[in-house]
Amino acid sequence: MLTSTYIHIPGIGKETERKIWSGGITTWNDFLQNKNSINLPDSKKDKIAMEIENSIEKLEIHDIPYFAKSIPTSEHWRGFRNFSDSVAYVDIETTGLSPSSSKITVIGVYDGKDVKSFVRGINLEEIVQEMEQYDFLVTFNGARFDLPFIQREFPQITMEQMHTDLMYPLKRVGFKGGLKNIEHMLGINRSEETEGMDGFEAVRLWKEYEKGNEKALDLLLEYNREDIVNLETILDITYERFVEHCYKGCTPQK
């Protein structure tokens with residue numbers, strides 16, 4: 001989907017992008033090979049072609065910051081397939097809702113194979129090196145919650161990756177509400193131990209752990225682990241719906 005994207009080109013909006021798609025021009029290479037058949041002013045076609053060549057070079061050298069800055073954040077999901085070999089599903093637990101008055105207790109990171117848990121007072125600071133390893137971040141409500149918390153506590157993390165906050169593309173294709181509600185809509189089940197848990201329970205478990213209850217931390221980590229692993233499942237199930245919604249009204253090849 002990234003190589004079918006034109007809205008990262010300065011001066012090109014969604015209307016022009018859809019006009020290109022509707023003409024059967026679905027990829028950057030299609031555009032370069034069939035530029036003369038596209039119903040756009042020659043000056044605009046030349047500009048788009050030049051920017052496509054630049055984008056191809058940026059993709060070849062894995063210039064993630066280029067795409068992260070030039071593509072609107074609401075459309076970063078389009079880059080998922082291109083950078084799926086370097087994805088981190090991220091979720092945090094905290095003592096409250098405000099980054100200015102609360103603190104991170106747990107950060108969970110799942111790379112599609114392994115879950116890593118970073119816990120306050122144990123290894124939380126290791127998240128700095130961990131986050132820099134990934135090209136693409138996936139969260140749920142992370143744009144407003146998880147990432148601001150992380151950036152406040154660890155300002156040295158550059159956050160130059162592409163980032164998809166699944167809450168927004170999911171809403172566009174009809175899945176509204178919180179993460180647990182969407183999991184239920186998609187038939188994704190939680191373990192018996194964590195079924196029905198929410199963020200308030202996560203805060204309570206941390207307080208119990210601070211009092212010396214190690215089992216409370218184990219349950220908190222399991223709850224966090226399910227959050228991040230389920231993000232991958234949700235994205236796998238719904239990605240093609242994002243694509244179809246994006247192309248709605250056009251007839252391109254995927």
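- With an unreviewed UniProt entry as reference, the chain is termed Exonuclease, source organism Methanohalophilus portucalensis FDF-1.

### Concerning the overall build of the chain
Thought 1: Scanning the chain from terminus to terminus reveals ten helices and five strands.
Thought 2: Taken along the three principal axes of its C-alpha coordinates, the chain extends 70 × 40 × 30 Å.
Thought 3: For the chain, the proportion of its 254 residues judged to be buried stands at 50%.
Thought 4: Across the chain, the fraction of contacts at a sequence separation of at least 24, relative to all contacts at a separation of at least 6, is 64%.

### Looking at the layout of surface pockets
Thought 1: Reported here for the largest pocket is a volume of approximately 590 Å³.
Thought 2: As for the largest pocket, its lining consists of 24 residues, and the residues nearest its centre are Leu 97, Asn 141, Phe 145, Gly 199 and Tyr 223.
Thought 3: Going through the elements one at a time, strand S1 (87–94), helix H6 (142–153), helix H8 (179–185), helix H9 (199–210) and helix H10 (214–246) are the ones with two or more residues in the lining of the largest pocket.
Thought 4: Counting residues per element, the lining of the largest pocket draws most heavily on S1, at five residues.
Thought 5: When grouped by side-chain class, the residues that make up the lining of the largest pocket number twelve nonpolar, six polar and six charged.
Thought 6: Considered as a void within the structure, the second largest pocket measures approximately 280 Å³ in volume.
Thought 7: Along the wall of the second largest pocket there are 17 residues; nearest its centre are Thr 73, His 76, Ala 143, Leu 147 and His 163.
Thought 8: Residue assignment for the lining of the second largest pocket shows that the elements contributing at least two residues are H6, strand S5 (162–165) and helix H7 (167–172).
Thought 9: Tallied by class, residues from the lining of the second largest pocket come to eight nonpolar, seven polar and two charged.

### Details of the side chain of Thr 16
Thought 1: Within the secondary structure layout, Thr 16 lies in helix H1 (residues 14–22).
Thought 2: The exposure class of Thr 16 is buried, given its relative accessible area of 14%.
Thought 3: Setting aside residues no more than four positions away along its own chain, Thr 16 makes contact with Leu 40 and Lys 44.

### Some remarks on unusual backbone geometry
Thought 1: Backbone geometry at His 62 places phi at a positive 60°, although glycine is not the residue there.
Thought 2: Despite not being glycine, Asn 141 shows a phi value in the positive range, around 65°.
Thought 3: As for its position among the elements, Asn 141 is in the loop between strand S4 (136–139) and H6.

### Here's the deal with the environment of Val 203
Thought 1: Relative to the assigned elements, Val 203 resides in helix H9.
Thought 2: Judged by its relative accessible area of 17%, Val 203 is buried.
Thought 3: In this structure, the C-alpha to C-alpha distance between Val 203 and Ser 191, residues twelve residues apart in sequence, is 19 Å.
Thought 4: Apart from the residues lying within four places of it in its own chain, the contact partners of Val 203 are Thr 94, Thr 95 and Gly 96.

### Re the pairing of S4
Thought 1: Here S4 shows a buried face lined by Phe 136 and Val 138 and a second buried face lined by Leu 137 and Thr 139.
Thought 2: Two elements, S1 and S4, share three bridges in a ladder whose sense is parallel. Note on S4: the bridge partner recorded for Val 87 is Phe 136.
Thought 3: Sheet topology places S4 next to S5; four bridges connect them, and they run parallel. Looking at the pairing, Phe 136 lines up with Met 162 of S5.
Thought 4: Considered for its hand, the β-α-β crossover made up of S4, H6 and S5 is right-handed.

### A closer look at the domain arrangement of the chain
It is common to give the size of an interface as the accessible area lost on bringing the parts into contact.
Thought 1: Along its sequence, the chain is carved into domain 1 (1–60) and domain 2 (80–239).
Thought 2: The centre of domain 1, based on its C-alpha atoms, is set 35 Å off from the matching centre of domain 2.

### Remarks on the side chain of Glu 226
Thought 1: Tracing the backbone shows Glu 226 in helix H10.
Thought 2: For Glu 226, a relative accessible area of 6% gives the class buried.
Thought 3: At 2.4 Å, the side chain of Glu 226 and the side chain of Thr 194 are in polar contact.
Thought 4: Not counting chain neighbours up to four residues away, the residues in contact with Glu 226 comprise Arg 190, Ser 191 and Thr 194.

### Structural notes on the UniProt feature "domain: YprB ribonuclease H-like" (unreviewed entry) in the chain
Thought 1: The UniProt entry lists residues 88–237 under the feature "domain: YprB ribonuclease H-like" (unreviewed entry), expressed in the numbering used here.
Thought 2: Note that residues 88–237 is 44% helix and 18% strand, and that its end C-alpha atoms are spaced 17 Å apart.

Calculation notes
- Residues numbered from 1 in each chain as written.
- Predicted model: local features only at pLDDT ≥ 70, side-chain atom pairs only at ≥ 80, totals over all residues.
- Heavy atoms only, no water.
- Helix = DSSP H or I, 4+ residues; strand = E, 2+ residues; numbered from the N terminus.
- Buried < 20%, exposed > 50% of the residue type's maximum accessible area, 1.4 Å probe, protein only.
- Contact = heavy atoms within 4.5 Å.
- 1 Å grid on protein atoms, 1.4 Å probe; cavity = no way out; pocket = protein on both sides within 12 Å on 5 of 7 lines; lining within 4 Å.
- Points joined across faces, edges and corners; volume = space filled by probe spheres on them.
- Nonpolar A, V, L, I, M, F, W, Y, C, P; charged D, E, K, R; others polar.
- Pairing = 2+ DSSP bridges.
- Right-handed = clockwise from strand over helix to strand, strands pointing away.
- Domains from an automatic or database assignment.
- Polar contact = N/O pair within 3.5 Å; in protein donor to acceptor, adjacent residues only side chain to side chain.
- UniProt positions renumbered as here; feature names shortened; annotations may be inferred.

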